[in-house]
Amino acid sequence: MKNTLLSGLAGLLFGAGLLVAGMTRPDKVVAFLDVSGDWDPSLAFVMIGAIAVHFVAYRFVPKLGSPFLGGRFALPTRRDVDARLLLGAALFGIGWGIGGYCPGPALVSVVNGTSDALVFFGGLVAGMLAFNVTERAAAPAE
Amino acid sequence: MSADFTPFSALLGGALIGLAASVMLLGAGRVAGISGIFGGLLAPRAGDVAWRLAFVGGLLAAGVGAVLFAPSAFASDLVRPPLVLALAGVLVGYGTQLGNGCTSGHGVCGLSRLSPRSLASVVTFMLTGALAAVVTNHLLGGA
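All values reported here derive from a predicted model rather than from experimental measurement.

J.: Is there a simple way to explain unusual backbone geometry in this structure?
T.: Peptide bonds are mostly trans, and most non-glycine residues show a negative phi. Residue N100 of chain B is not a glycine yet carries a positive backbone phi of 60°. Tracing the sequence through the fold places N100 of chain B in the loop between α4 (82-98) and α5 (103-112).

J.: Help me understand the side chain of D40 of chain A in this model?
T.: With respect to the secondary-structure elements, D40 of chain A resides in the loop between α2 (26-33) and α3 (42-59). Of the residues examined, D40 of chain A reaches a relative accessible area of 1% and is grouped as buried.

J.: Teacher, can you tell me more about α2 of chain A here?
T.: Because each turn of an α-helix spans 3.6 residues, side chains separated by three or four positions in sequence point in the same direction. Burial analysis of α2 of chain A places seven of its eight residues in the buried class, the great majority of the element. P26, D27, K28, V29, V30, F32 and L33 of chain A are the residues of α2 of chain A that are buried.

J.: I keep staring at the packing of α3 of chain A against α5 of chain B and nothing clicks. Help me out?
T.: The geometry of a pair of packed helices is captured by two quantities: the angle between their axes and the separation between those axes. Here α3 of chain A crosses α5 of chain B at 55°, and the two axes come no closer than 7 Å. Here α3 of chain A is positioned oblique relative to α5 of chain B, judged by the angle of their axes. The interaxial crossing formed by α3 of chain A with α5 of chain B has right-handed handedness. Taken together, the residues of α5 of chain B that come into contact with α3 of chain A (itself represented by M47, A50, I51, H54, F55, Y58 and R59 of chain A) are T103, G107, V108, C109, L111 and S112 of chain B. For the contact of α3 of chain A with α5 of chain B, the class distribution of residues is eight nonpolar, four polar and one charged.

J.: Explain the pattern of salt bridges to me, please; I cannot follow it from the model alone.
T.: Side chains that carry opposite charge are capable of pairing whenever their charged atoms lie near each other. Following the criterion strictly, the structure yields 11 salt bridges over all chains and no others. Residue R45 of chain B is joined to D48 of chain B by a salt bridge in which the shortest nitrogen-to-oxygen separation is 3.5 Å. D48 of chain B is the salt-bridge partner of R52 of chain B, the closest N and O atoms lying 2.8 Å from each other. A relative accessible area of 10% means that R52 of chain B is categorised as buried. In this structure, a network of salt bridges that share partners links the residues R25, D27, K28 and D40 of chain A together with D4 of chain B.

Parameters at a glance
Residues numbered from 1 in each chain as written. Chains lettered and ligands numbered in written order. Predicted model: local features only at pLDDT ≥ 70, side-chain atom pairs only at ≥ 80, totals over all residues. Heavy atoms only, no water. Helix = DSSP H or I, 4+ residues; strand = E, 2+ residues; numbered from the N terminus. Buried < 20%, exposed > 50% of the residue type's maximum accessible area, 1.4 Å probe, protein only. Axes fitted to C-alpha atoms, helices over the stretch in contact; angles between N-to-C directions. Parallel < 35°, antiparallel > 145°, perpendicular 65-115°, else oblique. Left-handed = near helix turned anticlockwise from the far one by under 90°. Contact = heavy atoms within 4.5 Å. Nonpolar A, V, L, I, M, F, W, Y, C, P; charged D, E, K, R; others polar. Salt bridge = Lys/Arg side-chain N within 4 Å of Asp/Glu carboxyl O.

This is the structure in structure tokens:
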């Protein structure tokens, strides 16, 4: 229960941050990525602000030993760079550069109800479901 | 440079994002990777749904707050045909699942953790993102 409440609070804060930062404005995102045009470097500062805070938080992980709400830290441990990682990132970047939404802002913007936001969100869900289908097809039978 | 340069609100918003990710990390021991959290709802596993729903619900609640009190947060004059937008969404959905993360999981969380996988991911999606934006805007006239 506490975990659920905390996750809700984190989601709310995360969404507020995306909105304040300008990440829910696809024109601004594309103006950041389009370095050849009327370049708007603002969104680089989003990453700087986020990492400045979160980098410090990570320093407390070893000291704490376990999360405040109990259980264990469930953090990624892989360090290898493989083709799936790079291909996935490349495809994600292409979609981001065309549409101006990454997953967080796409979710936050759904409630605004514009046809652009809804169409992009529909594509996002379809892409994720398509991945689940191709993964299942590629996985050996159990 | 663009007249729409907003470094201070970008830094403040970024700090809020970092704070949100830190709440997840130190409170629940989890990475605040949005594509992973949301993707997990599309392939749900017993006992692993409530916190994901709550996080996504928080995101949506923030959106509702903006719709009511700060609709300019959604202002955009980007013009893309619906079919192109839908395809872009598919690429983002498929790509983030194949590559285990997006701007939040690999960007904010992975870089803060000094993960070489995340660094490789961020460099890759920034490069293809810039390339896609340039090509779509200038060579295809907004497609």
